[in-house]
Protein chains: 2
Amino acid sequence: MVRTLAQDVLAGNRRQIGRAITLVESMRMEDRARARELLGILGERPTKAVRIGVTGVPGAGKSTFIDAMGVRLIQLGHKVAVLAVDPSSTKTGGSILGDRTRMSALAVEDNAFIRPSPSGNHLGGVARATRESMLVVEAAGYDVVLVETVGVGQSEVAVAGMVDTFLLVTLARAGDQLQGIKKGILEMADIITVNKADGDNEAAARVAARELSTAMKLITADPKARRPPVLTSSSYTGIGLMDIWEAILDHRKYLEESGGLASRRAAQQRSWMWSLIDDELLEALRQTPAVKKMRTKLEAEVMDGKTSAMEAAQEVLTTFTRNLPASWLDWADDDD
Amino acid sequence: MVRTLAQDVLAGNRRQIGRAITLVESMRMEDRARARELLGILGERPTKAVRIGVTGVPGAGKSTFIDAMGVRLIQLGHKVAVLAVDPSSTKTGGSILGDRTRMSALAVEDNAFIRPSPSGNHLGGVARATRESMLVVEAAGYDVVLVETVGVGQSEVAVAGMVDTFLLVTLARAGDQLQGIKKGILEMADIITVNKADGDNEAAARVAARELSTAMKLITADPKARRPPVLTSSSYTGIGLMDIWEAILDHRKYLEESGGLASRRAAQQRSWMWSLIDDELLEALRQTPAVKKMRTKLEAEVMDGKTSAMEAAQEVLTTFTRNLPASWLDWADDDD
């Protein structure tokens, strides 16, 4: 069954791509085994897809930017997949509808695949699922993958760990913006665009881009190091969008020639490995039947103050220790 | 030694409070045992401290707000502690200096204790440490605890899970702001202030506050439910700061009378329990000597493509399974 699913994904069947992503998003132990099998098959042929992370403070216009950029890339003959990392999203909250309506032009394109952020309790799990979804869409022939991330914070670090080029979308109100953009985010950026550079805003955007460019000189201490280009763009007029695509391709070329692409891909694999470990660890505990069984009663005792949170935590860990998942133990036996 | 530290904390010794927080922030297994002992002693006397979460998009002026508000509360006779949850911070990045200089008025007050965000790889660990730091400062007599959180995202959910009153600091540029503020954050807010309401901005802030107030009516579907007040404030002129403090006290009274305080505190304990479990799980694996030993070689193999990330993850989990921490097993034995 997994083999059939893999073939359908490789053939580019959209519905099956959706199913495959649902499978890699699932944390049920039996689904994880199937997901591993699926990714094993899909991962046999590494692709040359361009992986781009898109970040920026809320309101910077990331979604509209991706919408406008995506449509143009499809016109150039690309297949474009959009994924998202938003640990605060919940599927029931209608984020599927949200993402589709936010990217209304791209959503109706045959060569676009838009998938909202997986929901999840912890960033590690969300990031792990997005990383694996990326393998699915790439195997299905999508050669440009845009990973959108929300606002500022740890999601950016997670996304930077799974893409080749990290694009920061910012706005012209430089004072507030620079306060909002953390130095860490600036340091991660490979390309920066001052967005909404249209109408009355255009001149201000140009000034802001120049200022940011100067700021980047200060941040990149090594004079020989590559300095991220700072561009301006408007999703409304389309101005600057193709310049950004050129900058992305330039950066890609730079990475290939400097050996940076190989080392980024290697680091992505390492970071995926740790996502897998952490995620499986946290989920295995929650899905241990003995833990599930004690959970309600123990939580009630903690809430009543009969048991301290610290005692209860130890009790859960002990129970988990005594009831480790069979798949881990099996694996250990195989190995002997 | 832990007993002496606890006595010093209870006596309000600032240096020892700092040491106690360093201890609860540590994830070394032996430190965790000492931290549990410390928190056991400190937690014997529950306090009546007011726990306030402060959130808002970057640039909304949270730090300056806390600085101005904190100084006024000290003038009223309170002892004010400021903690932070920022999973993207790293201590080496100078966040200690950063927090102190950002809150320059408060930093020189004897009755203020400012502690930057613990650094950490995952939000769960940062949140767990902040929660425990809160117990330390409360035991030391700080009766107002302000927990600052960065931007939008999962940190807010974590902080909302450890405070009684959640304050959203926003700005007058309503269009961009409302796009930036997620509905989820608005739903979590107990009080909202439109900040930087001074000079040319004052009128716009009032309009924005009225608009937000209307928006809140739509969000809170139940007409009988408490609706978060929307105020305006300026850290520069001080206008509105005491109104916000009144609103915090009103909310506290409302919580006490409605039974909401007890249920929030109960939920805080439950959420702390899960932080403890997850954090110990992730850290125990990383600190298992056998895992540490294999780590470098295995990561190199994954980066070279000799081993797949999925195989390596299974190998680490198996190794962990075979070498579980003695403290978990000991506890299990005690229990038999």
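A brief report on the enclosed structure follows. Because the structure is a prediction, the values reported are computed rather than measured.

## Focus: the sheet that holds strand 4 (residues 144–149) of chain A
Residues and elements named next belong to chain A.
Then, in step 1: Pairing in this open sheet of seven strands is parallel, and the strands run 3-2-4-1-5-6-7 from one edge to the other. One side of each edge strand has no neighbouring strand; the edge strands of this open sheet are strand 3 (112–114) and strand 7 (230–232). Pairwise comparison of adjacent strand axes, ignoring direction, gives a mean angle of 25° for this sheet.
Then, in step 2: Note that strand 2 (residues 80–85) and strand 4 share six bridges and pair parallel. Bridge pairing in strand 4 links A84 to E148.
Then, in step 3: With respect to the sheet, helix 11 (residues 202–219) is in contact with strand 5 (165–170), strand 6 (191–194) and strand 7, its orientation differing from that of strand 7 by roughly 170°.

## A few points about the pattern of salt bridges
Residue and element names in this part refer to chain A.
Then, in step 1: Enumeration according to the criterion identifies 36 salt bridges over all chains in this entry.
Then, in step 2: A salt bridge links R32 to E132; the shortest N-O distance between them is 3.0 Å. Taken together, the residues span a long stretch of sequence, with R32 in helix 3 (residues 29–42) and E132 in helix 7 (residues 123–139) at a distance of 100 residues. Judged on exposure class, the residue R32 and its partner E132 are both buried.
Then, in step 3: Measuring nitrogen to oxygen at the nearest pair gives 3.2 Å for the salt bridge that ties E299 to R295. Within this pair, E299 and its partner R295 are both found in helix 14 (residues 289–304), separated by four residues, close to a single helical turn.
Then, in step 4: Taken together, the shared-partner salt bridges in this structure form one network comprising R28, E30, D31 and R34.

## Observations regarding the pairing of strand 2 of chain A
A regular strand places its side chains so that they alternate between the two faces of the sheet.
All names here are of chain A.
Then, in step 1: Within strand 2, six of the six residues are buried, which leaves it mostly tucked inside the rest of the structure.
Then, in step 2: Of the strand pairs in this sheet, strand 2 and strand 3 are connected by three bridges, and their pairing is parallel. Each bridged residue has a counterpart across the sheet, and for V80 the counterpart in strand 3 is A112.

## A short note on unusual backbone geometry
All names here are of chain A.
Then, in step 1: With phi around 60°, K196 is a residue other than glycine that occupies positive phi space.
Then, in step 2: As for its position among the elements, K196 is in the loop between strand 6 and helix 11.
Then, in step 3: The partly exposed category is assigned to K196, whose relative accessible area is 27%.

## What about the sheet that holds strand 4 (residues 144–149) of chain B?
Residue and element names in this part refer to chain B.
Then, in step 1: Strands sit in the order 3-2-4-1-5-6-7 across an open sheet of seven strands; the sheet is parallel. Sheet topology places strand 3 (112–114) and strand 7 (230–232) at the edges, where each strand pairs with a single neighbour. The mean angle between the axes of side-by-side strands here comes to 25°, regardless of whether they run parallel or antiparallel.
Then, in step 2: Alignment of strand 1 (residues 50–55) against strand 5 (residues 165–170), held across four bridges, turns out to be parallel. Bridge assignment links G53 to a residue of strand 5, and that residue is F166.

Criteria and cut-off values
Residues numbered from 1 in each chain as written. Chains lettered and ligands numbered in written order. Predicted model: local features only at pLDDT ≥ 70, side-chain atom pairs only at ≥ 80, totals over all residues. Heavy atoms only, no water. Pairing = 2+ DSSP bridges. Helix = DSSP H or I, 4+ residues; strand = E, 2+ residues; numbered from the N terminus. Axes fitted to C-alpha atoms, helices over the stretch in contact; angles between N-to-C directions. Contact = heavy atoms within 4.5 Å. Salt bridge = Lys/Arg side-chain N within 4 Å of Asp/Glu carboxyl O. Buried < 20%, exposed > 50% of the residue type's maximum accessible area, 1.4 Å probe, protein only.

Coordinates in, geometry out; function isn't part of it.
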